[in-house]
Amino acid sequence: MNDRPLLNRRLAEFGTTVFAEMSALAQATGAINLGQGFPDTDGPEEVREAAVRALRDGLGNQYPPGPGVPELRHAIAEHQQHRYALSYDPDTEVLVTAGATEAIAASLLALVEPGDEVIALEPYYDSYAASIALAGGTRVPVQLRPDAGTATFRLDLDELRDAVTPRTRLILLNTPHNPTGTVLTREELAAVAELAVERDLLVVTDEVYEHLVLDGAHLPLASFPGMRERTVTISSSGKTFSFTGWKVGWVTSTPALVSAVRSAKQFLTFVSAGPFQYAIAEALRLPDAYYDELRDSLRAKRTLLTDGLTAAGFGVFRPSGTYFITTDVRPLGHTDGIDFCRHLPARAGVVAIPNAVFYDDKAAGSPFVRFAFCKKDEVLSEAAERLAGLGGLGDAGVRRLERACVLAHLRRAGPHAHPR
């Protein structure tokens, strides 16, 4: 074989995701995993039973229709109309995907030509960068910047406007925003819409946390003047209904844009999650009380972990949405979030995610670390207790804690266990 690298050069900068690395650390050390964003309880029992019923009735056990089963496409259209007064034709303007990750990849592969610039809010979910690279596009990050006065991250609209060039094809927008928990305001979204119309840009919006808005309200960009015809709206069932493993997502847009995305999607998974599509159709028709209870539960969990992280000495940014809390580790005497997260499982028995992996500007993201609070209350309380001693640890204390955590894990795992 010649010396040519095996991996396509467009993916050369992307290795194993940080989520896999940190989840492996959690397993190896027995730490509480507040890194990867998945709940530790299943969603509504009636939705799970709907999936079982679909399996038993033979619904979706063979290839479902390419655009998605009609029952789900109609339920998605009804949801958009009921929640946001957005009207979509379920036959031509709705596309079911293998989660939002596939929807993002298919949208970018369909709409971006090599050399096109794609503006993405930084920090950004890691699949954005990979999908832009696969499409041959150029990533143009616009940072959400920490605001000490409000303990939030905010979008600088002037910086966004300055980032647009004649080569800009689209804006990739995420609100509610992972990892910062920022929910863009009506004024911010109106400015984005005005810019997109003025410069004739497409916008792909990742709205998977639409029902996890804890302060304020979720406002789809497609509902703003001039945006219905230029916005590809993406969402999914995993975050809303706590069935992240089912991988049922969707796209809503104009017939032309949906057709373009479907052209790319059909060569990715083709179809997926047949029986689960029927179950999610039923889930989307749950009463409004379900969404109210979900929001109330997450608000309480946010308070529980926010208080624990504050007491432990972290600088805490209060999220307005999602189920993630971004923290600053500098008050604890650290500046490198990646190093901090790699040692945290042994030091305190807790796993977190370093925000630097979501940045092109690694220095800007270096001191920030993300914790997930979509866990049982008792798990969050235990995590807060474990983190409480971080502020007073010297180097010797850190080493003692690391040895103690490893020994405790070995005792739990039994005589055949070994550190990995």
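In this text, all values refer to a predicted model and were calculated from it rather than measured experimentally. (Residues numbered from 1 in each chain as written. Predicted model: local features only at pLDDT ≥ 70, side-chain atom pairs only at ≥ 80, totals over all residues. Heavy atoms only, no water.)

Engineer: Is there a simple way to explain the confidence of the model for the protein in this structure?
Structural biologist: When pLDDT is averaged along the protein, the result is 92; 93% of the residues meet or exceed 70. Low pLDDT, under 50, characterises residues 392–420; the stretch is placed with 25 contacts to residues that sit more than four places away or in other chains. (pLDDT = per-residue confidence, 0-100. Contact = heavy atoms within 4.5 Å.)

Engineer: Honestly, the packing of aromatic side chains in this entry has me stumped. Any pointers?
Structural biologist: How two aromatic rings sit relative to each other is set out by the distance from centre to centre and by the angle between their planes. Scanning the model with the defined rule gives 15 aromatic pairs in all. Between Tyr63 and Phe270, the ring centres sit 5.8 Å apart and the planes meet at 75 degrees, which makes this aromatic pair edge-to-face. With Tyr63 in the loop between helix 2 (45–56) and helix 3 (70–84) and Phe270 in the loop between helix 9 (255–265) and helix 10 (274–283), this residue pair connects regions lying 207 residues apart in the sequence. A ring pair is formed by Phe153 and Phe317, whose centres lie 4.7 Å apart and whose planes are at 50 degrees; its orientation type is tilted. (Phe/Tyr/Trp six-rings, centres within 6.5 Å; stacked < 30°, edge-to-face > 60°. Helix = DSSP H or I, 4+ residues; strand = E, 2+ residues; numbered from the N terminus.)

Engineer: Would you mind showing me how to read the sheet that holds strand 14 (residues 368–372) here?
Structural biologist: Within a sheet, adjacent strands bond to each other through the backbone by hydrogen bonds, running parallel or antiparallel. The four strands are arranged 10-11-14-13 in an open sheet whose pairing can be described as antiparallel. Edge positions in the open sheet fall to strand 10 (315–317) and strand 13 (353–354), since each of these has one partner strand only. Looking at chain direction, strand 11 (residues 324–328) and strand 14 are connected through five bridges and run antiparallel. Across the sheet, residue Ile325 finds its bridge partner in strand 14, namely Phe371. (Pairing = 2+ DSSP bridges.)

Engineer: What exactly am I supposed to notice about the environment of Ala24 here?
Structural biologist: With respect to the secondary-structure elements, Ala24 resides in helix 1 (residues 18–29). According to the relative accessible area criterion, Ala24 is partly exposed, its value standing at 42%. Considered as a pair, Ala24 and Val351 are 327 residues apart in the sequence and their alpha carbons are 9.9 Å apart. (Buried < 20%, exposed > 50% of the residue type's maximum accessible area, 1.4 Å probe, protein only.)

Engineer: When you look at the nonpolar core in this model, what are you seeing that I'm missing?
Structural biologist: Within soluble globular proteins, side chains that are nonpolar tend to cluster in buried spots. Membership of the largest hydrophobic core comes to 67 residues, with the highest contact counts inside it found for Leu170, Phe314, Leu344, Phe371 and Leu387. With six residues, the top contributor of residues to this core is helix 4 (residues 99–111). Sequence-distant contacts of Phe371, that is, excluding residues within four places in its chain, are made with Leu34, Leu305, Leu309, Phe314, Tyr323, Phe324, Ile325, Thr327, Leu344, Val350, Ala352 and Leu387. (Core = buried A, V, L, I, M, F, W, Y, C linked by side-chain atoms within 4.5 Å.)

Engineer: Honestly, the environment of Pro179 in this entry has me stumped. Any pointers?
Structural biologist: Relative to the helices and strands, Pro179 is located in the loop between strand 6 (168–174) and helix 7 (186–198). By relative accessible area, which is 0% here, Pro179 ends up buried. Along the backbone, Pro179 and Tyr124 are 55 residues apart, and their C-alpha atoms lie at a distance of 7.3 Å. Apart from the residues within four sequence positions on either side, Pro179 is in contact with Pro123, Phe324, Thr326, Asn355, Phe358 and Arg370.

Engineer: Whenever I open this one, the pairing of strand 9 (residues 249–252) confuses me. Can you help?
Structural biologist: Within a regular strand, the side chains alternate between the two sheet faces. Across the two faces of strand 9 the burial is the same, with Gly249 and Val251 and Trp250 and Thr252 all buried. Where strand 2 (residues 94–97) and strand 9 come together, four bridges link them in antiparallel fashion. Residue pairing in the sheet places Val94 in a bridge with Thr252 of strand 9. As paired elements, strand 8 (residues 231–236) and strand 9 share four bridges and run antiparallel to each other. Bridging across to strand 9, Thr233 finds its partner in Thr252.

Engineer: Before we go on, may I ask you to explain the sheet that holds strand 5 (residues 152–155) in this structure?
Structural biologist: Here we have eight strands laid out as an open sheet, ordered 2-9-8-7-6-3-4-5, and mixed in their pairing. Strands at the two margins of the open sheet, each flanked by one partner only, are strand 2 and strand 5. Here the strands of the sheet are splayed against their neighbours by 25 degrees on average, with no regard to which way each runs. Along the sheet face, helix 3 touches strand 2, strand 8 and strand 9 and points at about 115 degrees away from the line of strand 2. (Axes fitted to C-alpha atoms, helices over the stretch in contact; angles between N-to-C directions.)

Engineer: Can you help me understand the side chain of Ser366 in this one?
Structural biologist: Relative to the assigned elements, Ser366 resides in the loop between helix 13 (362–365) and strand 14. Here the side chain of Ser366 touches Thr335 through a polar contact of 2.8 Å, landing on its backbone oxygen. Residues in contact with Ser366, not counting those within four places in the same chain, are Thr335, Asp336, Gly337 and Ala356. (Polar contact = N/O pair within 3.5 Å; in protein donor to acceptor, adjacent residues only side chain to side chain.)

Engineer: When you look at the side chain of Thr168 in this model, what are you seeing that I'm missing?
Structural biologist: Examined against the element boundaries, Thr168 turns out to sit in strand 6. From its side chain, Thr168 meets the backbone nitrogen of Thr165 in a polar contact 2.8 Å long. Beyond its immediate stretch of four places on either side in the chain, Thr168 contacts Glu117, Ile119, Ala163 and Leu201.

Engineer: Looking at this structure, I do not really get helix 1. What am I missing?
Structural biologist: One turn of an α-helix holds 3.6 residues; hence residues three or four places apart share an orientation. Helix length check: helix 1, at twelve residues, gives a terminal C-alpha distance of 16 Å against a target of 16 Å (1.5 Å per residue), a fit within 8%. Taken together, the buried positions of helix 1 are Val18, Phe19, Met22, Ala26, Ala28 and Thr29. After helix 1 finishes, the residue Gly30 shows a positive phi value of roughly 70 degrees. (Expected span 1.5 Å × (residues − 1).)

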